[in-house]
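Now for the letters of each chain:
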Amino acid sequence: MRIVDAKVMVTSPGRNFVTLELTTDEGLTGLGDATLNGRELAVVSYLEDHVMPLLVGLDPHRVEDTWQSLYRGAYWRRGPVTMAAIAAVDVALWDIKAKAAGLPLYQLLGGASRDRVGTYGHANGRDIPELLDSVRARLAEGYPAVRVQSGIPGLKAVYGVSSTDDSGSPVMHQQARPLVEDWDTDAYLRHMPNVLEAVRAEFGPGLPLLHDAHHRLTPVQAARLGKDLEPYHLFWLEDCTPAENQEALRIVRRHTTTPLAVGEVFNTVYDYQALITEQLIDYVRSAVTHFGGVTPLRKLFDFAAQYQIRSAIHGPQDISPVGMAAAVHLDLAVHNFGIQEYSGHTPLTEEVFRHAYTFEDGYLHPGEAPGIGVELDEELAAAHPYEAAYLPVNRLHDGTVHDW
Ligand code: EZ4
Ligand code: CO
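Residues numbered from 1 in each chain as written. Chains lettered and ligands numbered in written order. Predicted model: local features only at pLDDT ≥ 70, side-chain atom pairs only at ≥ 80, totals over all residues. Heavy atoms only, no water.

The chain has the name D-mannonate dehydratase ManD in an unreviewed UniProt entry, where Streptomyces mutomycini is given as its organism.

### Things to note about the coordination of the cobalt ion (ligand 2)
Put simply, the test is: Sodium, potassium and calcium take a 3.2 Å donor cutoff, other metals 2.8 Å, and in both cases only N, O and S atoms count; water is not among them, so sites may look incomplete. Numbered from the N terminus, helices here are DSSP runs of H or I no shorter than four residues, and strands are runs of E no shorter than two. We call a residue buried when its accessible area falls under 20% of the maximum for its residue type, exposed when it is over 50%, and partly exposed in between, using a 1.4 Å probe and counting protein chains only.
Looking at the metal site, the cobalt ion (ligand 2) is ligated by Asp 212 (OD), Glu 238 (OE) and Glu 264 (OE), spaced 2.0 to 2.1 Å from it. For the cobalt ion (ligand 2), all donor residues lie on one chain, and their spacing in sequence is D-x25-E-x25-E. Within this pair, whereas Asp 212 is found in strand 7 (residues 209-212), its partner Glu 238 is found in strand 8 (residues 236-238), the two being separated by 26 residues in sequence. One exposure class covers both Asp 212 and Glu 238, and it is buried.

### Section: the sheet that holds strand 6 (residues 180-183)
Filter applied, for reference: Pairing between strands is defined by DSSP: at least two bridges between the two strands are required.
The mixed open sheet is built from three strands, whose spatial order is 6-17-18. Edge strands, defined here as strands with exactly one partner in the open sheet, are strand 6 and strand 18 (401-402).

### Here we look at the environment of Leu 28
Among the structural elements, Leu 28 can be located in the loop between strand 2 (17-24) and strand 3 (29-33). Leu 28 sits 17 residues away from Ser 45 along the chain, and the two C-alpha atoms are 24 Å apart.

### Regarding the packing of helix 2 (residues 63-73) against helix 3 (residues 80-101)
Heads up, the condition is: Between the N-to-C directions of two axes lies an angle of 0 to 180 degrees, each axis being a line fitted to C-alpha atoms and, for a helix, fitted only over the stretch in contact. Oblique is the label for any angle not covered by the other classes, which are roughly parallel (under 35 degrees), roughly antiparallel (over 145) and roughly perpendicular (65 to 115). Whether a crossing is left-handed or right-handed is set by the direction in which the near helix is turned from the far one by less than a right angle, anticlockwise for left-handed and clockwise for right-handed. Any two residues having at least one pair of non-hydrogen atoms within 4.5 Å are treated as being in contact. Following the grouping adopted for this structure description, the nonpolar residues are Ala, Val, Leu, Ile, Met, Phe, Trp, Tyr, Cys and Pro, the charged ones are Asp, Glu, Lys and Arg, and the polar ones are all others, Gly among them.
Remark: helix 2 packs on helix 3, axes separated minimally by 10 Å, with the N-to-C direction vectors making an angle of 170°. Classified by the angle between their axes, helix 2 and helix 3 sit roughly antiparallel to one another. The way helix 2 lies across helix 3 gives a crossing that is right-handed. Residues Val 63, Thr 66, Trp 67, Leu 70 and Tyr 71 of helix 2 form the contact with helix 3, whose participating residues are Met 83, Ile 86, Val 89, Asp 90, Leu 93, Trp 94 and Lys 97. Residues that form the contact of helix 2 with helix 3 fall into these classes: nine nonpolar, one polar and two charged.

Listed below in structure tokens is the structure:
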């Protein structure tokens, strides 16, 4: 079998998605997600100008070799643009291989290690009563675990999330410049224990609760937050410090037993090296789409498993259903699965990307369709073209740019 065609499509059925499609001489097609939120067209160029010309003529069964040649062959390794592009190729090749075998991808990854994939949903509120309502809504939808994010008295923005819809994904501002949000770490640190106290008081000790600090704290601030939240027994505290500095987590870890989850902005195993070998974290959070695909993410999970660290694949709405499908196959197959972030997609997105994976009573299953189980409606996709949109930026009260 040979690859005879490669094309990349950008569609915006509510937000932008970048999809690679590979076609073989036997008529099989494979899809891969290359969506890099707010920087989509850089990945399109990387694929169109530098990767797709290399793929035509290759044997699509050579998944590992193609991955290695794209990673090592460019000389310039790593980085979100490169790794999103490689991820799209990797997932499209796995899709083709599994279709050729007539099997759902999870069977090629060793088969199911569980019956269904547990998720967490997002609850957000401008204040505590609104947050409690949002938690109730997630529980009514069946979610077995909930991430809680709350507005902070004195701040306009509910940081890191949409304040206009209930999805929990950040609002993308469809304008030439990003919107500016405000931030005050002291106000946040004072308020968060009240938030968790109120949620625990309302929903009891058994509900798994997560919280995302979105890289905004110094190591010692993160240590204080982890300690202050210990009475509420979080499932995890996510991205407490800026991700570039692995040593920061040593300080946090020394001071708190609150479990830590890190990695949604990471793109290779090297970003995790000290975090895993020194057992500084409890969950690895990379997405298939941003980590170079199924091939390296499987290796990361196997590495993490040696240290009792579990998987928690990033699943915001800016991962397309193609990237989500690949994630759910991995979730079902790996032994050290932890939890899957999931908040669904808009109805129009679900029409553009028809998928075999299902979400029922808070649990996902990849389905039994051969491959990753996603079909792209190209006509509908083309009817909703790319729209420039950016994540907000974050500034302190004196105007200083802060971590987002
Ligand atoms: O803000 O994917 O845990 N999830 C998150 C996400 C990220 C977005 C950025 O594009 O933090 O909602
Ligand atoms: Co996050």
